[in-house]
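In case you want the letters, here they are:
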Amino acid sequence: MNWRITGFYLVPPLLALAVMAGVHFKTDLSAFIIAGDNAEEILLASEMQSGVLSRRYLITVDSGQQHSVPAAFMQKLKTQFKAIDGVTDVWSPGQNTDAPETLRTLYGPYAGAWYSLDPKRDLPQIFSGQGLMQRAELLKNALLSPQATVVKKMAVQDPLLLALNGFKAQGVQMQQTLKEDRGYSNLMLETAMAGLDVPQQKRIQTAIRAAFDVLNNANNVSVEHYQLAMTGVPIFAVATQTLIQGDIQLVSLLSAIGLLILFMLVFRSFSALLQVSSILSIVILAAILTTQLVFGYVHGMTVAIGSTLVGICIDYPIHAIAHAQTVKPEQRLSVIARIWPSMVLGGITTLVGYIALGASGYPGFQQVAVYATSGIIVSLLLTRFVLPGLLEPQSSRPLNVPLVAIWATFCQRFRPGLMGVLAVLLMASLLGLKSLHWMEDMQELTPELNYLKQNDKRIRERMTSIEPGRFVLIADSNIEAALQKSEAVYKVLDKLKQSKDLTEYYGLYPWLLSKQQQRLNQALLQDYLSPYHLLRWRQALTQQGLSVEKLGHFNYPQTTPMTLEQVLATPIKKLLDNRVVQGANQTLIMIWLAEHQPEAVKAALATLDGVQYFSQRDLLNNMARDFTDRAQQLLFVGLVVIILLLMSRYKNLLNTLQTLLPAVLSAFIVLGVWSFTGAAISFLHLVGFLLVVAICVDYGIFYQENRGGDITLTYQAMGAAMLTSALAFASLMVSESTSLKILSGIVVMGLLLGFLLCPIIIKPNHHPVA
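(A) Local environment of the packing of aromatic side chains. Scanning all chains against the criterion turns up 13 aromatic pairs. Between F410 and F414, the aromatic rings sit 4.9 Å apart at their centres with planes inclined by 45°, giving tilted as the arrangement. A relative accessible area of 38% means that F410 is categorised as partly exposed. A residue is classified by how much of its surface remains accessible, and F414, at 41% relative accessible area, is partly exposed. Here the aromatic residues F73, F212 and Y226 are joined through ring pairs into a cluster of three or more.

(B) View of a nonpolar patch on the surface. On the surface, F636, V637, V640, V641 and L644 cluster together into a nonpolar patch covering about 440 Å² of accessible area. One can find V637 in helix α32 (residues 616-650). Judged by relative accessible area, which is 43%, V637 ranks as partly exposed.

(C) How the structure looks around the sheet that holds strand β4 (residues 184-191). As summarised here, the arrangement of the 4 strands in space is β3-β4-β2-β5, forming an open sheet in which the pairing is antiparallel. A strand with exactly one partner marks an edge of an open sheet, and here the two such strands are β3 (87-91) and β5 (227-231). When strand polarity is set aside, the average angle formed by the axes of neighbouring strands in this sheet is 25°. With 5 bridges joining them, strand β2 (residues 56-62) and β5 adopt antiparallel strand pairing. From the neighbouring strand, L58 faces β5, where its bridge partner is T231. On the sheet, helix α13 (residues 198-217) packs against β2, β3, β4 and β5 and is oriented at approximately 160° with respect to β5.

(D) Layout of the side chain of R55. Its location among the elements puts R55 in helix α4 (residues 52-55). In terms of polar contacts, R55 uses its side chain to reach the side chain of E190, at 3.3 Å.

(E) Structural detail: the nonpolar core. Counting residues in each nonpolar core, the largest one holds 105 residues, and the members touching the most others are F263, Y354, Y699 and F729. In terms of residue count, the dominant contributor to this core is helix α34 (residues 683-705) (14 residues). Core analysis: the second largest hydrophobic core is formed by 63 residues, L106, V489, V492 and I589 among them.

(F) Region of the structure containing the pattern of salt bridges. Under the definition given, this model contains 8 salt bridges. Close ionic contact of K497 with E504 constitutes a salt bridge, the shortest N to O distance being 3.1 Å. Its salt-bridge partner being E705, residue R707 comes within 2.8 Å of it at the nearest N-O pair. With respect to class, R707 is no different from E705; both count as buried. Each of R55, R56 and E190 takes part in one network of salt bridges that share partners.

Rules behind the numbers
- Residues numbered from 1 in each chain as written.
- Predicted model: local features only at pLDDT ≥ 70, side-chain atom pairs only at ≥ 80, totals over all residues.
- Heavy atoms only, no water.
- Phe/Tyr/Trp six-rings, centres within 6.5 Å; stacked < 30°, edge-to-face > 60°.
- Buried < 20%, exposed > 50% of the residue type's maximum accessible area, 1.4 Å probe, protein only.
- Patch = residues over 30% accessible without salt bridge, like charges linked within 9 Å, V, L, I, M, F, W, Y side chains within 5 Å.
- Areas by Shrake-Rupley, 256 points an atom, 1.4 Å probe, with all protein chains shown as cover.
- Salt bridge = Lys/Arg side-chain N within 4 Å of Asp/Glu carboxyl O.
- Helix = DSSP H or I, 4+ residues; strand = E, 2+ residues; numbered from the N terminus.
- Pairing = 2+ DSSP bridges.
- Axes fitted to C-alpha atoms, helices over the stretch in contact; angles between N-to-C directions.
- Contact = heavy atoms within 4.5 Å.
- Polar contact = N/O pair within 3.5 Å; in protein donor to acceptor, adjacent residues only side chain to side chain.
- Core = buried A, V, L, I, M, F, W, Y, C linked by side-chain atoms within 4.5 Å.

Here it is, written out as structure tokens:
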């Protein structure tokens with residue numbers, strides 16, 4: 001073995017070391033699937049991946065009885081959870097022991113600016129005789145409540161308790177979202193790490209369960225054992241990574257073993273197996289490194305789908321070995337050079353399919369396109385310039401793929417009849433197209449995560465009446481402009497409540513108010529702080545038996561408007577930081593909705609600029625429709641490009657159509673067969689058809705050109721190539737991902753049909769193309 005061959009075999013381990021040292025792998029499906037079409041969706045997606053929205057767990061502890069879990073047990077559990085490294089806070093939903101003091105210290109000085117969203121409506125009512133009497137009664141009751149100490153301090157600067165006006169009017173809406181506990185208790189847990197930091201979140205989840213189990217097992221003296229359930233972005237992230245990692249390992253293992261066995265059966269040569277395996281290792285590792293270089297990371301789904309690249313890239317060395325083994329060692333370089341143009345054209349047509357795939361707008365397929373493109377180019381170059389030198393010492397062995405020769409002979413003998421059968425199949429497929437229907441809900445592509453979705457729904461229903469994934473999204477350049485828009489939205493939502501199209505909404509008021517509204521409130525309030533109203537107020541205090549000396553004054557000076565930063569520096573932050581998202585040039589505000597009529601909400605908000613009704617499910621479904629439309633267009637564009645490439649080669653329309661028809665008709669027949677199953681089709685099916693056409697065109701090119709001069713040998717090589725590609729894609733069927741299974745089924749059926757149709761549609765050419 002000379003130094004060049006030794007150097008070649010050193011390349012795979014060196015590339016493997018580079019991959020281990022320099023490649024960052026991701027597994028979150030949102031990075032592979034979701035891409036916003038506008039700045040709001042992109043910023044929101046970023047927040048969901050790394051912001052507060054992604055870092056919180058919703059935890060429920062079920063007692064299995066009609067009564068809630070004892071408070072003492074929950075307090076111990078919170079203490080244990082807070083001790084976990086990476087956990088920043090744990091609290092009960094709606095619980096805020098600092099709320100009364102926060103209301104006094106934060107909102108008390110701003111009472112004159114904070115009392116209303118509509119001061120022109122509220123001020124006459126507040127300062128009417130009856131209104132002042134109600135205020136005095138409210139003050140008396142508050143002074144007799146458990147929070148009397150705080151109220152006394154607040155009343156000194158705000159005797160009318162205007163600071164509580166918004167909270168009273170809104171009913172402290174965050175508290176209203178909570179549902180009555182029956183047989184369970186709930187917690188919120190926040191981590192320092194992003195929800196999609198899977199290694200850290202997996203560690204935290206393990207620690208949460210371990211802490212709960214220890215405390216729960218210690219509780220056996222009461223003969224009560226509780227059950228823990230969790231949901232949130234980190235739960236989905238860890239489950240998804242576990243699913244993808246399992247798919248990658250299983251698919252890669254089965255694909256590699258299957259291809260090795262198939263290769264040994266076809267070529268019966270361990271040395272050829274070693275050489276081709278080394279080439280494929282270089283191809284895959286180079287593709288991973290190229291993807292890392294372009295995107296800065298490699299997604300696990302890219303590797304899973306990219307493992308099928310092995311079946312495609314092995315086609316080129318198979319054709320080279322099949323033809324080289326039929327000639328003397330000194331002739332192998334020239335025979336591989338002879339079939340090289342067919343390999344190049346086949347590689348280019350396959351690249352067209354993958355490039356169109358990347359242009360579909362599906363984020364993950366952009367990576368797959370780069371991954372496949374680099375892999376195919378490397379495979380072609382290694383086959384042409386490296387493989388001939390590796391094959392020279394080997395003895396010649398004729399290629400013999402079972403049944404291939406029989407099928408080719410059968411097609412030559414009964415070609416007219418088979419054309420008739422093909423016509424019948426095409427007619428049946430055409431009739432079946434009428435029953436095709438598109439997948440309307442993109443979540444149908446991930447039924448393997450249904451158990452998590454059901455668990456998420458169950459836990460959220462225990463905690464809140466808010467409809468998850470649906471809210472009003474307000475966008476503007478800064479927080480002040482966004483708050484002003486939100487205050488206009490509140491009025492629209494109030495009308496929807498009156499018309500019964502919305503049961504409740506949960507905005508930022510009374511926790512946040514725009515500076516403009518604060519200034520307006522203060523300006524209008526000054527007109528009511530008159531001697532007349534002060535007299536009426538003192539009379540109301542006297543009737544309630546309260547001190548006029550201490551409370552009989554209006555002390556509401558003009559103040560500088562409160563800012564978001566002031567609010568977020570208090571415990572109120574927990575209630576707001578997951579509903580305000582601030583980017584470099586944009587601020588988003590989310591107004592949560594309870595039960596509502598989506599179409600009515602959309603219509604009511606339609607005239608407001610920068611305001612939209614947001615539904616996560618609608619977003620995914622709209623993405624699916626967009627991707628479907630693009631995939632249809634790109635399928636057509638890809639076909640046109642391939643036709644132009646073939647026309648430039650053959651300069652003959654008949655030869656071009658013959659070369660292309662096996663690929664196109666196989667995809668069409670598969671589509672027809674799918675229609676008879678009654679299953680919906682999605683953009684993934686169109687992606688599969690695109691890949692079928694791009695790969696099967698290779699078969700048509702090799703059969704049409706027959707550059708080796710032996711049509712029987714050419715078809716044998718095509719058979720071996722088809723089996724390897726089909727086996728690589730078939731390995732995706734063992735994955736748990738429905739998306740991968742769909743892609744697998746479409747491509748495997750298409751490749752088999754494309755191979756079988758070549759000798760039927762293309763008349764054998766026993767003279768090689770020059």
